[in-house]
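# Examining the three-dimensional arrangement
Spelled out, the chains give:
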Amino acid sequence: MKPKADSCTGVEGGGTLPAPEQFFSDSLERLKAKLEQENGERRRAQCMAKIQSHAVQLTLDLIVREPDPDSFFRLLMKALLDQTESQACGVWLLDEEGKQCDLWMAYVGDQFYSKENWGDLALTRVDMAAHLCAYAPGWSDTIEYTGDDSRLPESVREFDRSIGLSSVAIVPLILPTRNLGWIALSTGDAPAEYAPWRRATLEAIARQVTLALHQSRLTEQSLAEARRQAVLEERNRIARDIHDTLAQGFAAILMQLQSVQRDASGIPSKVAKSIDSAIDLARTHMIEARRSVGALRPQDIESGDVAAVLERTAELARRTTDVPIELVIEDLPPLGAGVEREIAGIAQEALTNAVRHARAHKIRIHAASTRSVGLRLSVADDGRGIARERFGAGFGLTSMQERADRIGGSLTIVTAPRSGTEVVLAWEPPAFTIASP
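Here is a short report on the structure shown in this document. Everything numeric here is computed off the predicted structure, so don't read it as measured data.

### A few points about the nonpolar core
Within the largest apolar cluster, 32 residues are counted, with the highest numbers of intra-cluster contacts made by Ile343, Leu377 and Met400. Mapped by element, the contributors of at least two residues to this core are helix 7 (306–320), helix 8 (337–357), strand 8 (363–370), strand 9 (374–381), helix 9 (395–406), strand 10 (410–415) and strand 11 (421–427). Broken down by element, this core gets its largest block of residues, seven residues, from helix 8. With sequence-adjacent residues up to four places away left out, Met400 is seen in contact with Ile346, Glu349, Ala350, Asn353, Leu411, Ile413 and Val423. Ranked by size, the runner-up nonpolar core spans 31 residues in total, among them Leu81, Met105, Leu175 and Leu185.

### Notes on the pairing of strand 6 (residues 179–187)
Of all the nine residues making up strand 6, nine are buried; the element is thus mostly covered by neighbouring parts of the structure. Both strand 1 (residues 88–94) and strand 6 contribute to a ladder of six bridges, which runs antiparallel. Following the sheet pairing, Leu93 is matched in strand 6 by Gly181. Examined bridge by bridge, strand 5 (residues 167–174) and strand 6 share eight bridges and lie antiparallel to one another. The residue of strand 6 that forms the bridge with Ile174 is Asn179. What sits between strand 5 and strand 6 in their antiparallel hairpin is a turn of four residues.

### Digging into the pairing of strand 2 (residues 101–108)
Counting buried positions along strand 2 yields seven of eight residues, so the element is predominantly enclosed. The sheet contact formed by strand 1 and strand 2 spans seven bridges and is antiparallel. Following the sheet pairing, Ala88 is matched in strand 2 by Val108. Count of turn residues in the strand 1/strand 2 antiparallel hairpin: six residues, of which Gly98 carries a positive phi of about 70°. Of the pairings in the sheet, the one linking strand 2 to strand 3 (residues 111–114) comprises four bridges and is antiparallel in character. Each bridged residue has a counterpart across the sheet, and for Ala106 the counterpart in strand 3 is Tyr113. Once strand 2 ends, the chain turns through two residues before running back antiparallel as strand 3, passing Gly109 with a positive phi of about 65°.

Analysis parameters
Residues numbered from 1 in each chain as written. Predicted model: local features only at pLDDT ≥ 70, side-chain atom pairs only at ≥ 80, totals over all residues. Heavy atoms only, no water. Core = buried A, V, L, I, M, F, W, Y, C linked by side-chain atoms within 4.5 Å. Buried < 20%, exposed > 50% of the residue type's maximum accessible area, 1.4 Å probe, protein only. Helix = DSSP H or I, 4+ residues; strand = E, 2+ residues; numbered from the N terminus. Contact = heavy atoms within 4.5 Å. Pairing = 2+ DSSP bridges.

None of the figures reported here should be taken as evidence of function without further support.
Listed below in structure tokens is the structure:
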């Protein structure tokens, strides 16, 4: 028969309540455990606050001492290694599109590595960058790798083993809108209880690194914008000078020549022809001066006139020389206005040099498309060539090279004494590539 609970004790079989001493002892134990837990949390919070404060103070001190970003980050990484008694530290940065990253700088022991000399980090740098971009959890959280972690690329694990590294912690450099990259800290044999402290220190430093990187990039953008504005102002000043001097001067000369042409009667045909050529020269250079003004000012110009410029340039040159000038223009690809302007400038300079200096018997201009998207321009003569001591010394050759560099083209000048000169410009759109077979 089931026993009945005692009505007073509530304990089956008539048991008794715990003694008061036992009750108070259990309460004290629970209270003591609670206090110890709260004290532990308070000490951890105080430790974290000290770590954060130390990281901020360290960053501020280094910024004041080293305003140059490269020097600042180099010293910050070295300080991080010293503070955490670690062996290696590296910073990887993402590109503007956030799709590719590369190692920016690193310390391994006392050896500093950068893009000037990666040394034995060449392979591990590439493989680790690919891992960081591909490993999704690492984009938002700190990832710790211990021992021979299979998540790491084999080349990275082999390198870590070769220098005695046993653990790696990697923290993303996160802004509210994007990820700037990662900072990694590697250690050798160290007590396990030090790991949380190292991680907290690394995360605190990572926040300061993120802020410093972001501020540095904002400063660079501001300086770049200031430089751009200064360039635009200078271009406008030059454009005004050209307009007020050269363009207006050519216009005045053209008016005078046209007045002579209208009033002249019975002059020899040779003189009349020279006046016509002078009028064409003044008109052409007035147009070019005005085009230069338009090119210097920040505004778009109409495209599609490379062929027309080449034809006009060749025709004008024919009026000033007896040397035959052959012009061959095949179908040309569509080009941007800025590219067309530089190509036309190279053609004009090369033809002018051939007419004035080559003592040639024949000049040939050939413009054609390459692979349907690029352009090849050749200006060749059979003259005396360019002497070795004069090659590259003239302003015209330098100007052509600068024009080619501005549009990402390749300029080649082939010349030899008494064998003529050929100026070749090869240009393709920057994004054009041919797939491998």
